[in-house]
2 protein chains.
Amino acid sequence: MKTIKTWSKLALVGLTATLVACGGSEKAEDTAKVEKQVEVINWKMVTTWPKNFPGLGTGAEGLAKSITEMSGGRLNVKVYAAGELVPALEIFDAVSRGTAQMGHGGAFYWKGKVPASQFFSAVPFGFTAQEMNSWLHNGGGLELWEEIYEPFNLIPMAAGNTGVQMGGWFNKEINSLDDFQGLKMRLPGLGGEVLKKVGGTPVNLPGGEIFTALQTGTIDATEWVGPYNDLAFGLHKVAKFYYYPGWHEPGSTMEALFNKDAFEALPKDLQLIVRAATRQANAVMLDEFTARNNAALETLVNEHNVILKQFPKEVFSALKKASAETLDEVAAADPMSQKVYNSFKDFSKKVRAWHEVSERAYINARADN
Amino acid sequence: MKTIKTWSKLALVGLTATLVACGGSEKAEDTAKVEKQVEVINWKMVTTWPKNFPGLGTGAEGLAKSITEMSGGRLNVKVYAAGELVPALEIFDAVSRGTAQMGHGGAFYWKGKVPASQFFSAVPFGFTAQEMNSWLHNGGGLELWEEIYEPFNLIPMAAGNTGVQMGGWFNKEINSLDDFQGLKMRLPGLGGEVLKKVGGTPVNLPGGEIFTALQTGTIDATEWVGPYNDLAFGLHKVAKFYYYPGWHEPGSTMEALFNKDAFEALPKDLQLIVRAATRQANAVMLDEFTARNNAALETLVNEHNVILKQFPKEVFSALKKASAETLDEVAAADPMSQKVYNSFKDFSKKVRAWHEVSERAYINARADN
């Protein structure tokens, strides 16, 4: 009896292809030997998230599961939390060189390598989730993102969104711009640059160090994500005022990264499965954050006596002006950033004009008495 | 040489499964005969949309293509425009009895059969697209939708969203509630019931009859979708004022319908492919409407001299009050509608509380100077 050793055996969900095993020079059997066997491709997914990290990490895990199951096990994706295979901030390089075939994180992490990447995660006073998705998929955004990652042998896709985040945790009230003078706040990325412009001191700390830094006074304030994640971190134990809205991250996009060679080596149907599973993950995360933030916010306010405050209008105006200046500077620093920013600004003007008569007009009319 | 006749031959994109054909009592061949063969399932998708109808019809066509391609041709979906296989408003029955295995339309069409279905398409002063998706997928909405369609042997899924629509086309200004008295307006569904409450006369007309009805004075006003679709219909040629926002359809959800037996007969991987392709289509449509409405609106205003107007606050308040009364009445009419409405109201309260400090606070702060 011959066996075909290069094929792995797999209890394949649903695939009906049947292998008829032939008996070398023996008498062949009339009854087909039903074994479900196909080539299995094994992929590693490295992420910037701790294991089971709510929303973001679980979103990455859900994406891997979707790809594996939709492919009937032909493309098997194993997830590695931050540090398990490579450290969080090395996933870009790991996927680029093929150590892993895909990754899940946020584009803001790569600004040192690719300054223009910052426009694909969180832009102060930039797009909401709906606007970002529309720019990426119908406004030329994704093509630009692909262009800036191409030299790194990477293909990017949007793979999750938090929606509008919170403005952050403070131990004093923010009544005017003066209150930002000298304020040491954990605020990475473009938001941090803006804080610097209005007199504050941005500090970059990984999530795991925020609580202690705020408790010991190493920092005066911090932002993280929103109620659902912030409650889990216990930030209400070390800060009193919870400010809104998150001007610095109005619709933070998560990214899936793919090694270009690995992706292009997939048969066409698996490529489309990966794309659809990622687009699904992009929606799944936003739906989850939208549904879960309120309960966490109620717990923070009603059970932990957190004081919910809105930034004053004057502060907002100053932050908005500083944001525009910051984005102009980032764009001026390299031609690709300028090209991306031009597309971003152009789409922003148009989609905001439309949302003036649709989304914004509606939610304000609904809220009025 | 035996052949396995029940399997159809298919040039299958990417599937690497190989059939080794055995020679009955003849000497078996050492070299495997490489043929790519799997069972092909053919599905019909009936829709409520004319062929190539922008956004809605093209969304349904994109969904069929995705399923076919992601399945590597194992599940082949052929689309029928309204009237090609069954009339638009008979797709619910056609999919229920299995004449077609799936359909694409809007749940508001079935209120005569399933009153509670109205909560799954467009609710006056109800959810935006983001809120609707969150209720469906993380707030218990989809489970209720499945429950009300179960007696019809149908499985529903969200399969597209227009975002906030426009308030409609008028030939006189709407300055107060008096201007609605006796106004004959094409406004189907729950919005029509609300119009009746404030003194107007709702008229239900299919899309193809709206232009002539407005031109000949059979109706005084109409709503349709938004700039992208309304421009294509030429409504600016027969009406002067274009009102916003669309209080009656703030995030209209399109639905995919599946014959339960057909869906459950699919192997697990194909079921997941269908679900992900539909979730993808749900996002694709919203991204498209969000990106395209502005250009159409600019054309209407700048080239066709349409006058863009916002409903006055007093009118909005009255419509909102009438909407709440209408929904209470619809809910009181049958227990399932009440059950769905209770879930809808409960989620609405929570998600709107969250959006007060996130989406709404942000887009207002961004718009302020």
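Residues numbered from 1 in each chain as written. Chains lettered and ligands numbered in written order. Predicted model: local features only at pLDDT ≥ 70, side-chain atom pairs only at ≥ 80, totals over all residues. Heavy atoms only, no water.

Enquirer: Help me understand the overall build of chain A in this model?
Expert: Each helix and strand in chain A was counted, giving 12 helices and 11 strands. Long-range contacts, defined here as pairs at least 24 residues apart, represent 75% of the contacts in chain A between residues at least 6 apart. (Helix = DSSP H or I, 4+ residues; strand = E, 2+ residues; numbered from the N terminus. Contact = heavy atoms within 4.5 Å.)

Enquirer: Hey, could you run me through the environment of B:L187 in this one?
Expert: All names here are of chain B. Structurally, L187 is set in the loop between β6 (184–186) and α5 (189–197). C-alpha separation for the pair L187 and T201, spaced 14 residues apart in sequence, amounts to 8.9 Å. With residues near it in sequence (within four places) discarded, L187 still touches G192, L195, P202, V203, E223, W247 and H248.

Enquirer: Teacher, can you tell me more about the packing of helix α11 (residues 335–357) of chain A against helix α9 (residues 268–303) of chain B here?
Expert: How two helices pack is summed up by the angle between their axes together with the distance between the axes. One way to put it is that α11(A) packs onto α9(B) with a least axis distance of 8 Å and a crossing angle of 85°. Comparing their axes, α9(B) and α11(A) come out roughly perpendicular. Where α11(A) approaches α9(B), its residues A:F347, A:K350, A:V351, A:A353, A:W354, A:H355 and A:V357 are matched on the opposing element by B:F289, B:T290, B:A291, B:N293, B:N294 and B:L297. Counted by class, the contact of α11(A) with α9(B) contains eight nonpolar, four polar and one charged residues. (Axes fitted to C-alpha atoms, helices over the stretch in contact; angles between N-to-C directions. Parallel < 35°, antiparallel > 145°, perpendicular 65-115°, else oblique. Nonpolar A, V, L, I, M, F, W, Y, C, P; charged D, E, K, R; others polar.)

Enquirer: Sorry, what's going on with helix α3 (residues 129–138) of chain B here?
Expert: Residues three or four positions apart in an α-helix share a direction because the helix packs 3.6 residues into each turn. Residues and elements named next belong to chain B. Of all 10 residues in α3, eight are buried; the element is thus mostly enclosed. By the burial criterion, the buried members of α3 are A129, Q130, E131, M132, N133, S134, W135 and L136. At the C-terminal side of α3, G140 shows a positive phi close to 90°. (Buried < 20%, exposed > 50% of the residue type's maximum accessible area, 1.4 Å probe, protein only.)

Enquirer: I'm lost on the pattern of salt bridges in this one. Help?
Expert: Close approach of charged atoms allows side chains of opposite charge to pair. Residue and element names in this part refer to chain A. Considering all chains together, one arrives at 34 salt bridges over all chains under this definition. The closest approach of N and O atoms between E288 and R292, which form a salt bridge, is 3.4 Å. Here the residue E288 and the residue R292 both occupy positions in helix α9 (residues 268–303), the gap between them amounting to four residues, near one helical turn. Since its relative accessible area comes to 11%, E288 is described here as buried. What makes R292 partly exposed here is its relative accessible area of 39%. The network of salt bridges with common partners includes E150, K260 and E264. (Salt bridge = Lys/Arg side-chain N within 4 Å of Asp/Glu carboxyl O.)

Coordinates in, geometry out; function isn't part of it.
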